[in-house]
Amino acid sequence: MLTGKKILLGVTGGIAAFKAAALCSQLVKKGAEVQVIMTKSATEFITPLTMQALSKNPVYHDTFDEKNPRTIAHINLADWADLVLIAPATANIIGKMTAGLADDMLSTTLLATEAPIMLAPAMNVHMYAHPAVMRNMSELVSRGVMMIEPGEGLLACGYTGKGRLEEPETIIQVVERYFNNEQKRHQLLDGKKVVITAGGTIERLDPVRFISNDSSGKMGFALARVARQLGAEVTLVVANTQVAPPAGIKVISVESAQQMYEAVLGLWSTTDIVIKAAAVADYRPKVINPTKIKKQGQTMTLELVKNIDILETLGSQKTSQFLIGFAAETNDLEHYAMDKLRRKNCDLLIANDVSVSGAGFGTDTNIVHIYDAQGLVTALPLLSKDEVAMQILELTAQRLGGANQ
């Protein structure tokens, strides 16, 4: 499972650093490509030369020691890694990660990477049980950091208890299990055709003015990225957004609700999953002025007419498609979510209270409740939109699998 995997091994300053040598050696023997970053304290326990000889790569321990003038080392390593593994992970590096500190090569790289991170803590039994350390680890786990729990036994300090770095063989098994699960996960939507709408539709008043909303497109784009990671063939139908769509995904650009409906309808018959994450205008101006409307008088009256309800129309035409809707609410979340799910014949309805900090338009995070016809399926805490997307799509894959069995 490790052949060709790129593992960035971080070694921090604890007596257990000596085990990092065996860990590095075994990772390389398993076929992994290993790059090593050591903290200054770690070099007091084990030399960079040892890790270089075992990894067959230069060892990094100084942010300012740039070995290649064409790249910035900590950014290059952050982008390179398939997995960042910190073993041993001291209380100090755990605290730095929690606070977002970046004062050395390792902590700076950890802030820059988007790769999954796995920690193998090792420290004195009382340090490990300290409320601050436990709080920090809990916080990191909530952000998606994986933990390899330390073993119990006689520690170097003379105490007996929990805090000993797990044996390299056990850590390797955890790493292999992670990549095995990732491989299976990346096949969850293999061969499925997924259409995702994103952004806020625009309804024109004249050539320079329009009615729209605050949707940024970030949630739809997160869903598209994750769906592609899970093996799906993804098409994005994109209205007005604050950010660019993910690279490498087919994009159909639209403006109005009617254009979005026509684009989705053209894909509908050959689609397995449709996710309506866009914020679609409920109404449009009855008349679109061909020239700029000039200012006249103290008031202006607009006559609006109702747009086609894309989600409801798709729900009424649904055959084998799995239909997911979104509901941005400010009150009575469950009531409105369940009403929308039933009226529009959705398989899942993702609802969020946009008045709550971290869950509104334009943020990189979300707090959502997922409903099906029976009611609440799960309530997700504050997570990145990519993490929310993963939870939604894993649930979708489970439901599709169940339907096909």
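- Naming follows an unreviewed UniProt entry, where the protein appears as Coenzyme A biosynthesis bifunctional protein CoaBC of Paenibacillus turicensis.

## Let's talk about the overall build of the protein
Step number 1: Scanning the protein from N- to C-terminus turns up 13 helices and 22 strands.
Step number 2: For the protein, the spread of C-alpha atoms along the principal axes amounts to about 80 × 50 × 40 Å.
Step number 3: In the protein, buried positions account for 48% of the 405 residues.
Step number 4: The contacts in the protein between residues at least 6 apart in sequence include a share of 66% that link residues at least 24 apart.
Step number 5: Surface summary for the protein: the accessible area is close to 19,800 Å², and the carbon and sulfur share equals 50%.
Step number 6: The averaged location of the 41 negative side-chain charges in the protein is 3 Å from the averaged location of its 39 positive side-chain charges.

## What to know about the sheet that holds strand β1 (residues 6–11)
In sheet architecture, strand pairing relies on hydrogen bonds along the backbone and comes in two forms, parallel and antiparallel.
Step number 1: With respect to topology, six strands assemble into an open sheet ordered β3-β2-β1-β4-β5-β6, the strand pairing being parallel. The two strands at the open ends of the sheet, each matched to only one other strand, are β3 (59–60) and β6 (146–147).
Step number 2: Those strands touched by helix α3 (residues 73–80) are β1, β2 (33–38) and β3, and its axis lies near 140° from that of β2.

## Some details on the packing of aromatic side chains
What characterises a pair of aromatic rings is the spacing of the ring centres plus the angle enclosed by the ring planes.
Step number 1: As enumerated under the stated definition, the model contains one aromatic pair in all.
Step number 2: On the numbers, 5.1 Å between centres and 65° between planes, the contact of Y178 with F179 is edge-to-face. By the burial criterion, Y178 is buried, and F179 matches it.

## Observations concerning the environment of K56
Step number 1: The topology assignment puts K56 in the loop between α2 (48–55) and β3.
Step number 2: Classification of K56 as exposed rests on a relative accessible area of 62%.
Step number 3: Taking the C-alpha atoms as reference points, K56 and V34, 22 residues apart in sequence, are found 8.0 Å from one another.
Step number 4: A polar contact is formed between the side chain of K56 and the backbone oxygen of A53, at a distance of 3.3 Å.

## What about the UniProt feature "binding site: CTP" (unreviewed entry) in the protein?
Step number 1: Here, UniProt's "binding site: CTP" (unreviewed entry) annotation points to D282, K292, F326, K340 and K344. With a sequence span of 63 residues, these residues are also far apart in the fold, their greatest C-alpha distance being 37.1 Å.
Step number 2: Mapped onto the fold, D282 is located in the loop between β14 (273–276) and β15 (283–285).
Step number 3: Look at D282 and you get exposed, because its relative accessible area is 55%.
Step number 4: Aside from chain neighbours lying at most four places away, what touches D282 is V305, K306 and N307.
Step number 5: Leave out the neighbours within four places in its chain, and K292 touches D206, P207, V208 and R209.

## Let's talk about the pattern of salt bridges
Side chains that differ in sign of charge can pair as their charged atoms come close.
Step number 1: The tally for this structure, following the rule as stated, stands at 14 salt bridges.
Step number 2: E255 is paired through a salt bridge with R204; the nearest N and O atoms lie 3.3 Å apart. Of the two residues, E255 sits in the loop between β13 (250–253) and α10 (257–268) while R204 sits in strand β10 (residues 203–206), which places them 51 residues apart along the sequence.
Step number 3: By relative accessible area, E255 is classed as partly exposed at 28%.
Step number 4: You can call R204 partly exposed: its relative accessible area is 23%.
Step number 5: A salt bridge links K218 to D364; its shortest N-O distance comes to 3.0 Å. Here the residue K218 occupies a position in helix α9 (residues 218–229), and D364 occupies one in the loop between β18 (348–353) and β19 (365–366), the gap between them amounting to 146 residues.
Step number 6: When its relative accessible area of 17% is taken as the criterion, K218 is described as buried.
Step number 7: Taken together, the salt bridges that share partners define one network made up of K96, D103 and D104.

## Things to note about the nonpolar core
Step number 1: Counting residues in hydrophobic clusters, the biggest one holds 37 residues, and the most contacted among them are I196, L223, I275, I324 and F326.
Step number 2: Among the elements that line this core, the one with the most residues is helix α13 (residues 385–404), at eight residues.
Step number 3: In this structure, F326 is in contact with M219, L223, I275, K276, A277, K340, L349, I350 and I392, ignoring residues within four places of it in sequence.
Step number 4: One finds A17, L23, V36 and V59 within the second-largest nonpolar core, a separate group that totals 33 residues.

## Section: the side chain of N352
Step number 1: Tracing the backbone shows N352 in strand β18.
Step number 2: By relative accessible area, N352 is classed as buried at 10%.
Step number 3: There is a polar contact of 3.0 Å between the side chain of N352 and the backbone oxygen of A359.

Here is what the cut-offs are and how they apply
- Think of each chain on its own: its residues are numbered from 1, step by step along the sequence as written.
- Confidence filtering applies because this is a predicted model: local features only for residues at pLDDT of at least 70, side-chain atom pairs given and counted only at 80 or more, and all residues used for totals across whole chains, interfaces and linings.
- To get the side-chain values, take all heavy atoms of the structure and skip hydrogens and water.
- Here a strand is any run of E in DSSP of at least two residues, a helix any run of H or I of at least four, and the numbering for each starts at the N terminus.
- Residue exposure (1.4 Å probe, protein chains only): buried if accessible area is under 20% of the type maximum, exposed if over 50%, otherwise partly exposed.
- Whether two residues touch is decided by their heavy atoms; if any such pair falls within 4.5 Å, the residues are in contact.
- Computed with the Shrake-Rupley method and a 1.4 Å probe, the accessible areas treat only the protein chains shown as cover for residues.
- Note that His is not counted, nor are the chain ends; the positive residues are Lys and Arg, and the negative ones are Asp and Glu.
- Charge placement uses NZ in Lys and CZ in Arg. For Asp and Glu, CG and CD serve respectively.
- The criterion for strand pairing is that DSSP finds at least two bridges linking the strands in question.
- Helix axes use the C-alpha atoms of the stretch in contact, all axes being lines fitted to C-alpha atoms, and the angles between their N-to-C directions lie in the range 0 to 180 degrees.
- Centres within 6.5 Å make a pair out of two Phe, Tyr or Trp rings, where for Trp the six-membered ring is used; the pair is then stacked when the planes are under 30 degrees apart, edge-to-face when over 60, and tilted otherwise.
- Throughout this description, a polar contact denotes any pair of N or O atoms lying within 3.5 Å of each other; where both atoms belong to protein, one of them has to be capable of donating a hydrogen while the other can accept it, and for residues adjacent in sequence the pair is counted only when both atoms sit in side chains.
- UniProt positions are given in the numbering used here, feature names are shortened, and annotations may be inferred rather than shown by experiment.
- Salt bridge, as used here, is a side-chain nitrogen of Lys or Arg placed within 4 Å of a carboxyl oxygen of Asp or Glu.
- Only buried Ala, Val, Leu, Ile, Met, Phe, Trp, Tyr and Cys residues count toward a nonpolar core, and they belong to the same one when joined by side-chain atoms within 4.5 Å.

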